[in-house]
Amino acid sequence: ELPRRLTRDIVARAQAAPGLRYDKKGDEHYDVVSAFIKSMRGSDPDAALYWLAKMVYAGEDPKFIMRRLLILASEDIGLADPNGIVVASACARALEWCGLPEAQYHLAEATLYLSTAPKSNSAKAYFAALALVEKEGKTQVPTHLQDSTRDAAALGHGKDYKYPHDFPGHHTRQQYLPDAMKDARFYEPSDQGFEKEI
């Protein structure tokens, strides 16, 4: 029950109570989520749980937290553990179905899984490809990769395409990039988790 009158004693007791420093729209918001992400990236589940708890306790939007988990699952784990995005996505769906307070389990499960998963940031290769697209502008799809259902006979679309499933191991070498960049390389698999098998 709230007191009817504010007294010096009530103010003193309120000031002595431990407070939580957290500004949901200011520096603390960004600093805490940064610490959360960096703790998972650094494979420290205890620190990640601490920062998660601080955000939840302070009233941070759980969907904001889950978005960060979904991003990290691809940005920092990727193919080193392809189940990272599966677990994060399942926990995101569970968050929608359950809501807080029960969804704290789902936030914690995703945090723990991603914190302890092997790490790879090789998905950033996409941005190297994007930079080349922006630099090169318009490029021509090689004839053998063009759609053969449109006037294939007259235009030669799809001519000389090698269907990989017709070859041993379902693979054959052929050019897939435009002529001007046929030797470009973007993806470099890491030596972590599942990705080392790639």
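As shown above, the structure is provided for reference.
All values derive from a computational prediction rather than experimental measurement.

Calculation notes
- In every chain, residue numbers begin from 1 and rise along the written sequence.
- With the structure being a predicted model, the display of local features is reserved for residues of pLDDT at least 70 and the display and counting of side-chain atom pairs for 80 or more, all residues being used for whole-chain, interface and lining totals.
- Only heavy atoms go into the side-chain values, all of them from the structure, while hydrogens and water stay out.
- We count a stretch as a helix when DSSP gives it H or I for four or more residues in a row; a strand needs E for two or more, and each element gets its number in order from the N terminus.
- In this analysis, the expected span of each helix is defined as 1.5 Å times one less than the number of residues it contains.
- Two axes enter the definition of the bend at a residue: one is fitted to the seven residues ending there, the other to the seven starting there, and the bend is the angle between them.
- Contact criterion: two residues are considered in contact whenever any of their non-hydrogen atoms come within 4.5 Å of each other.
- N or O atoms closer than or at 3.5 Å make up a polar contact, with two conditions inside protein: a donor-capable atom paired with an acceptor-capable one, and, for residues adjacent in sequence, both atoms drawn from side chains.
- By nonpolar core is meant a set of buried Ala, Val, Leu, Ile, Met, Phe, Trp, Tyr and Cys residues that side-chain atoms within 4.5 Å join together.
- Relative accessible area decides the class of each residue, using a 1.4 Å probe on protein chains only: under 20% of the type maximum gives buried, over 50% gives exposed, and in between gives partly exposed.
- Aromatic pairs are defined between Phe, Tyr and Trp rings, using the six-membered ring for Trp, whenever the two ring centres lie within 6.5 Å; interplanar angles under 30 degrees are classed as stacked, those over 60 as edge-to-face, and all others as tilted.

Here's the deal with helix 4 (residues 62–77)
Spanning 16 residues, helix 4 covers 21 Å between terminal C-alpha atoms, matching the ideal 22 Å at 1.5 Å per step. The largest bend along helix 4 measures about 25° and falls at isoleucine 71. Buried residues along helix 4 sit in contact with helix 2 (27–41), helix 3 (45–57), helix 5 (83–98) and helix 6 (104–116). Its side-chain oxygen placed 3.0 Å from the backbone nitrogen of lysine 63, aspartate 61 serves as the N-cap of helix 4.

Focus on the nonpolar core
Within the largest apolar cluster, 26 residues are counted, with the highest numbers of intra-cluster contacts made by Phe36, Met40, Ile65, Met66, Leu69, Leu107 and Leu114. At seven residues, helix 4 tops the list of elements feeding residues into this core. Dropping the residues within four chain positions of it, methionine 40 is found in contact with Ala48, Leu69, Leu72, Thr111, Leu114, Ser115 and Lys119.

Observations regarding unusual backbone geometry
A negative phi angle characterises most non-glycine residues, just as the trans form characterises most peptide bonds. For the bond from leucine 100 to proline 101, the omega torsion is 10°, close enough to zero to count as cis. Relative to the helices and strands, proline 101 resides in the loop between helix 5 and helix 6. Even without a glycine there, the phi angle at histidine 170 is positive, about 55°. With respect to the element layout, histidine 170 can be found in the segment after helix 8 (152–155).

Things to note about the environment of alanine 90
Mapped onto the secondary structure, alanine 90 falls in helix 5. Residue alanine 90 is classed as partly exposed on the basis of its relative accessible area of 46%. Here the alpha-carbon distance between alanine 90 and histidine 106, two residues 16 residues apart in the chain, equals 8.6 Å.

Quick word on the packing of aromatic side chains
What characterises a pair of aromatic rings is the spacing of the ring centres plus the angle enclosed by the ring planes. Across all of its chains, the model carries two aromatic pairs by this definition. Between tyrosine 50 and tryptophan 51, the ring centres sit 4.9 Å apart and the planes meet at 75°, which makes this aromatic pair edge-to-face. Accessibility expressed as a relative area gives 24% for tryptophan 51, which makes it partly exposed. A ring pair is formed by tyrosine 126 and phenylalanine 127, whose centres lie 4.9 Å apart and whose planes are at 75°; its orientation type is edge-to-face. Judged by its relative accessible area of 54%, phenylalanine 127 falls in the exposed class.

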